[in-house]
Amino acid sequence: MLGYRVPRPDEAMLISGGRYGRSGAPFKVITGHGALVLPFIRKVSFLTLSMCEAEVSETCVTKQGISLNVRSVIAFKVGNDEESIVNAGQRFLSDQDQMSTLTGRIFAGHLRSIIGSMTVEEIVTERQKLASEVLDGSKAEMARIGLTVDSLQIQSIDDMNTGYIDAMAAPHNAAIQRQAQIAQAQANQAAAEAQQQSQRAQAEYARQTSVVQAQYKAEVDKAQAEAGQAGPLAQAQAQLGVLAAQAELAERQAGLRQRQLVAEVIKPAEAEAEKVRVLAQADAQRTRVQAEAAASNDRVALDKVLIDQLPQIVREAAAGLAGANLTVLNGSAGLSEVAAGLVSQGLAILEAVKKNMPGPANSGFTSLDLSPGDNGASQNSPVSPAGSGAPG
């Protein structure tokens, strides 16, 4: 629209002509919106409200008489209220660059005044205090010209090569260097201890690893040795089993052969020897009987008959012994006992016959039958005389 003007967000629009200003201001202040301006009747000007900067580099003398070169930066702007805009507009509208120059001069004066009341140590160690005092001293003066200060930063403090600041810092530097050396020594010691601890841990780990590896190797070697010996050991055990079985078989065969020898050789030989011995005993007995018969005149005929029959009795007893199924428990001694029993029984039979005969008239006998019993002992059969009649 023709004649309608709008300021930027960081500007204040000043409309002069007419009586629009407050408190006797020669112009009307408009910010944040537009306004209708009649051409040729009203005049429009714009005042910046953006941030401005001023640098101050000033040589100041401290309370101790030491010259210092101080550099600082001031950030400022026109105040946002209408009064500040009017004050700034009346002073800087035609030449707004003068705001930085004037601000720098104002702060340089206050900076010299504040530093003159402080020592170098305070200025160096308390820069924020210096900045606060400078701001406080210039605040009222800056407000009168419509400006506000956002910040003041002391950038550098130089003693212009007098060496005071270095001398002042020397004890601190020495202390700091001493602390740095101590810290470095402690760090080196800690590093050495950590390195030694690490080396000890590595050595211990290597030792444990070696021990475990040796144990594993021993177990592997043992397992391999046992595996290598398993075959020969099994073969040896099998051979031992075979040898034990063969030994048992040989023992059984020897026992069987021994029993066969006893049955086939020893027992027949013992039986034959016993037969010979029995026959010899019978001959001796016959000789004795003959001697007794010769001494007895009354029984000569009977004794002769009995003597003649005795060899037959013994022979039949021996033949019965040879054909009998005998179990001899004590070898030849047992056979001798059996034969002696047979002879004794033959003699007992002979004595019984002799007692049953009434006289010499019945001294003739036909035969004497002797057969073996179940237990190896002989039994006599009935004896028949030569005649068929009984004795009278």
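The rules behind each value
- Residues numbered from 1 in each chain as written.
- Predicted model: local features only at pLDDT ≥ 70, side-chain atom pairs only at ≥ 80, totals over all residues.
- Heavy atoms only, no water.
- Pairing = 2+ DSSP bridges.
- Helix = DSSP H or I, 4+ residues; strand = E, 2+ residues; numbered from the N terminus.
- Axes fitted to C-alpha atoms, helices over the stretch in contact; angles between N-to-C directions.
- Contact = heavy atoms within 4.5 Å.
- Salt bridge = Lys/Arg side-chain N within 4 Å of Asp/Glu carboxyl O.
- Buried < 20%, exposed > 50% of the residue type's maximum accessible area, 1.4 Å probe, protein only.

Caption draft 1: Representation of the sheet that holds strand β7 (residues 67-78) in the model. Reading across from one edge, β6-β7-β8 is the order of the three strands in this open sheet, with antiparallel pairing throughout. The open sheet has two edge strands with one neighbour each: β6 (52-61) and β8 (147-158). Averaged over neighbouring strand pairs, the angle between their axes works out to 20 degrees when direction is ignored. In this sheet, β8 lies alongside β7 in antiparallel orientation, the contact comprising ten bridges. Each residue of the ladder has a partner; that of K77, found in β8, is T148. Contacting β7 and β8, helix α4 (residues 127-144) crosses the sheet at an angle of about 145 degrees to β8.

Caption draft 2: Up close: the sheet that holds strand β3 (residues 27-30). Strand order in the open sheet formed by three strands is β3-β2-β5, with antiparallel pairing between adjacent strands. The open sheet has two free edges, formed respectively by β3 and β5 (43-48), since each of these has just one partner strand. Strand-to-strand twist of the sheet, defined as the mean angle between neighbouring strand axes without regard to direction, takes the value 25 degrees. Note: strand β2 (residues 11-16) against β3, four bridges, orientation antiparallel.

Caption draft 3: Main features of the pattern of salt bridges. What the rule picks out here adds up to nine salt bridges. Between R252 and E248 there is a salt bridge, with the nearest N and O atoms lying 2.7 Å from each other. Of this pair, R252 and E248 both sit in helix α5 (residues 164-295), separated by four residues, roughly a single helical turn. What makes R252 exposed here is its relative accessible area of 57%. Among the residues examined, E248 registers a relative accessible area of 40% and is labelled partly exposed.

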